[in-house]
Amino acid sequence: QVQLVESGGGLVQAGGSLSLSCAASGNILSRFSPDTMGWYRQGPGKQRDLVAGITSGGAINYADSVKGRFTISRDNAKNTAYLQMNSLETKDTAVYYCNIHRGGTFSYDYWGQGTQVTVSS
């Protein structure tokens, strides 16, 4: 069984910073590590969208709306992903979800429980 534990959400004023982390654990991960770890977010009444993703090799992609403000990183040895969020804006308010994905023969796709990020004006 795979568990994703997210932490670091909260309330911050616009212009402030928050850091999220996502620690994935489970026996399968020691043999079949995630190809991709990513952060998604879902605002009230909106669909869940990709914020940032990082591969095991370090390739990164960001949503246009967060480029230059957010930084994703990953510790492969710990199966942990991080999201540093700077210059936060009220439009960044959402529930942030961690995702791990692996393709191929031993594929999987797991989600965290979500952590609330609220940016006040």
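Structural notes, computed from the coordinates. (Residues numbered from 1 in each chain as written. Predicted model: local features only at pLDDT ≥ 70, side-chain atom pairs only at ≥ 80, totals over all residues. Heavy atoms only, no water.)

Take the state of the cysteines next. By the definition in use, this model includes one disulfide. Between the sulfur of Cys22 and that of Cys98 lies a disulfide, 2.0 Å long from S to S. Because the sign of the S-S torsion sets the handedness, a value of about -80° for the bond joining Cys22 and Cys98 places this disulfide among the left-handed ones. Residue Cys22 is found in strand β3 (residues 18–25), and its partner Cys98 is found in strand β9 (residues 94–102); the two are separated by 76 residues along the sequence. Each member of the pair, Cys22 as well as Cys98, carries the same accessibility label: buried. (Disulfide = S-S within 2.5 Å. Helix = DSSP H or I, 4+ residues; strand = E, 2+ residues; numbered from the N terminus. Buried < 20%, exposed > 50% of the residue type's maximum accessible area, 1.4 Å probe, protein only.)

Turning next to the sheet that holds strand β8 (residues 80–85). What the four strands build is an open sheet, ordered β1-β3-β8-β7; its pairing is antiparallel. Each having just a single partner strand, β1 (3–7) and β7 (70–75) make up the two edges of the open sheet. Mean inter-strand twist for the sheet, computed between neighbouring axes without regard to direction, equals 15°. The pairing of β1 with β3 spans five bridges and is antiparallel. Paired with Gln3 across the strands is Ser25, a residue of β3. (Pairing = 2+ DSSP bridges. Axes fitted to C-alpha atoms, helices over the stretch in contact; angles between N-to-C directions.)

As a further point, take the pattern of salt bridges. Pairing is possible between side chains of opposite charge, provided their charged atoms come close. Within this structure, the stated rule accounts for five salt bridges. Of the charged contacts, one joins Asp64 and Lys67 as a salt bridge, the two residues approaching to 3.0 Å between their closest N and O atoms. Residue classification places Asp64 among the exposed residues on the basis of a relative accessible area of 64%. Note that Glu89 and Arg69 form a salt bridge whose closest N and O atoms lie 3.8 Å from each other. One end of the pair, Glu89, is in the loop between β8 and β9; the other, Arg69, is in the loop between β6 (60–62) and β7, with 20 residues separating them in the sequence. Accessibility expressed as a relative area gives 29% for Glu89, which makes it partly exposed. (Salt bridge = Lys/Arg side-chain N within 4 Å of Asp/Glu carboxyl O.)

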